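Residue-level listing of the chains:
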Amino acid sequence: MSFMLLSALAWSLFDLARKKLTAHAAPLTLAIWLSAGVTPLYLLLWLSQGAALPQAAYWPPAMVSLLFSALASVCYIQALSVGRIALLVPVLSFTPVVAALFSLWLLDEYLSQLQWLAMLSIVLAIFMLHSGWNLLLKPRAVGTGFGLMLIVALCWGAGIVFDKLALTSATVFFHGLIQSAGMCLVLLLASVLDSVRRKRKPELPHYDGPKGLLALALLVFVLAVSGQWLALDEVHPGIVETVKRGIGIIGAACWGVWLFGEKVKPWQLLLMLLIIVATAGLALH
């Protein structure tokens, strides 16, 4: 449970760092640098723990998780390039539900009625805070990006369940090494294909932003992902995903008010209070 809460907080800090970094690099370039940067960190951590190799059962779910992560990353970037972000982000609110359903199917892990109520309350509150009603009122305005973002939500929700399956046969740091290295290769391939499509010469994406901020983002990223994987050993994937989303939206609101001078309306405060209460209920349960 401690790993879950620590991971959720780290994800919130990582979102803040990523928002700052996007001012210095395109999303695909940033994604490549982040995945490439954490790969040697995971390698060192894996070597420091004895470099234990995984069991044979590790590879099928690990490769499925990597496939989901890669597909989600490419679809996310593509969705933001063709659709309106304000109408697309609410779709991601439903990843906890996807995680819970896949856990029931693949892991035979159940949630109690109280846990379902808390999780769905958080999902609905996040959906509304992301202006989800615009998605309902203006479905035609969403465009082709909706299908892409739906794929992202499905991949992220299912991917965490396959992570849990893979981690029964390997250490967290080996899994991080495989996932980060694999993601880097997939994103580099996507970058090359994008250059070919645009009839440009393929080249290594260049990052010109502040190196210190990038290094800090890498450390927070490793903490967020590793804490999430460690939490999966004891906690239901749907709950991990729900708490991550809940704390993430609260953190985003706090960063917006404290750092960017954004205003929070009374109805938004009520929804955030609902998220805090429901998240606390899930954690205590």
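Residues numbered from 1 in each chain as written. Predicted model: local features only at pLDDT ≥ 70, side-chain atom pairs only at ≥ 80, totals over all residues. Heavy atoms only, no water.

## Focus on the layout of surface pockets
Working step 1: The calculated volume of the second largest pocket comes to roughly 690 Å³.
Working step 2: Forming the walls of the second largest pocket are 23 residues, and the residues nearest its centre are Leu-28, Ala-190, Ser-191, Asp-194 and Arg-198.
Working step 3: At the level of secondary structure, the elements contributing two or more residues to the lining of the second largest pocket comprise α2 (27-48), α3 (59-82) and α10 (172-197).
Working step 4: Here the lining of the second largest pocket takes 6 residues from α10, the largest share from any one element.
Working step 5: The residue inventory of the lining of the second largest pocket, partitioned by class, reads 11 nonpolar, 6 polar and 6 charged. (1 Å grid on protein atoms, 1.4 Å probe; cavity = no way out; pocket = protein on both sides within 12 Å on 5 of 7 lines; lining within 4 Å. Points joined across faces, edges and corners; volume = space filled by probe spheres on them. Helix = DSSP H or I, 4+ residues; strand = E, 2+ residues; numbered from the N terminus. Nonpolar A, V, L, I, M, F, W, Y, C, P; charged D, E, K, R; others polar.)

## Topic: unusual backbone geometry
Working step 1: One non-glycine residue with positive phi stands out, namely Ala-51, at about 55°.
Working step 2: Mapping Ala-51 onto the fold places it in the loop between α2 and α3.
Working step 3: You will see that Asp-108, though not glycine, has its phi angle at about 55°, which is positive.
Working step 4: Relative to the elements of secondary structure, Asp-108 occurs in the loop between α5 (95-107) and α6 (113-129).

## Quick look at the nonpolar core
Working step 1: In terms of nonpolar packing, the biggest core is built from 60 residues, with Tyr-42 and Ile-275 touching the most fellow members.
Working step 2: At 10 residues, helix α11 (residues 211-231) tops the list of elements feeding residues into this core.
Working step 3: If we skip the residues at most four places from it in the chain, Tyr-42 touches Phe-173, Gly-176, Leu-177, Ser-180, Val-222, Val-225, Ser-226 and Trp-229.
Working step 4: With 9 residues, the next largest nonpolar core counts Cys-75, Ala-79, Val-152 and Cys-155 among its residues. (Core = buried A, V, L, I, M, F, W, Y, C linked by side-chain atoms within 4.5 Å. Buried < 20%, exposed > 50% of the residue type's maximum accessible area, 1.4 Å probe, protein only. Contact = heavy atoms within 4.5 Å.)

## As for the packing of helix α1 (residues 2-21) against α11
Working step 1: Axis separation between α1 and α11 bottoms out at 8 Å; the angle between their running directions is 150°. Classified by the interaxial angle, the pair formed by α1 and α11 is roughly antiparallel. Relative to α11, the crossing made by α1 is left-handed. For the pair formed by α1 and α11, the contact residues are Phe-3, Met-4, Leu-6, Ser-7, Ala-10, Trp-11, Leu-13, Phe-14, Ala-17, Lys-20 and Leu-21 on the first element and Leu-213, Leu-214, Ala-217, Val-220, Phe-221, Leu-223, Ala-224, Val-225, Gly-227, Gln-228, Leu-230 and Ala-231 on the second. (Axes fitted to C-alpha atoms, helices over the stretch in contact; angles between N-to-C directions. Parallel < 35°, antiparallel > 145°, perpendicular 65-115°, else oblique. Left-handed = near helix turned anticlockwise from the far one by under 90°.)

## Re α5
Working step 1: Taking 1.5 Å per residue as the helical rise, α5 with its 13 residues ought to reach 18 Å, and the 17 Å between its terminal C-alpha atoms agrees with that figure.
Working step 2: Buried residues of α5: Thr-95, Pro-96, Val-97, Val-98, Ala-99, Ala-100 and Ser-103, and no others.
Working step 3: Phi for Asp-108, located one or two positions after α5, is positive at around 55°. (Expected span 1.5 Å × (residues − 1).)

## A few points about the packing of α5 against α6
Working step 1: Two numbers describe how α5 lies on α6: the axes approach to 9 Å, and their chain directions differ by 150°. With respect to each other, α5 and α6 are oriented roughly antiparallel. Contact residues: Pro-96, Val-97, Ala-100 and Leu-101 in α5; Trp-116, Met-119, Leu-120 and Val-123 in α6.
Working step 2: A per-class count over the contact of α5 with α6 returns 8 nonpolar, no polar and no charged.

## Details of the state of the cysteines
Working step 1: Applying the stated criterion across every chain yields a total of 0 disulfides.
Working step 2: The cysteine Cys-75 is free of any disulfide, with Cys-155 supplying the nearest cysteine sulfur at 6.4 Å.
Working step 3: Cys-75 sits in the buried class, given a relative accessible area of 7%. (Disulfide = S-S within 2.5 Å.)

## Let's talk about the environment of Pro-210
Working step 1: If you trace the backbone, Pro-210 turns up in the loop between α10 and α11.
Working step 2: With a relative accessible area of 34%, Pro-210 lands in the partly exposed category.
Working step 3: The spacing of Pro-210 and Trp-46 is 164 residues in sequence and 28 Å in space, taken between C-alpha atoms.

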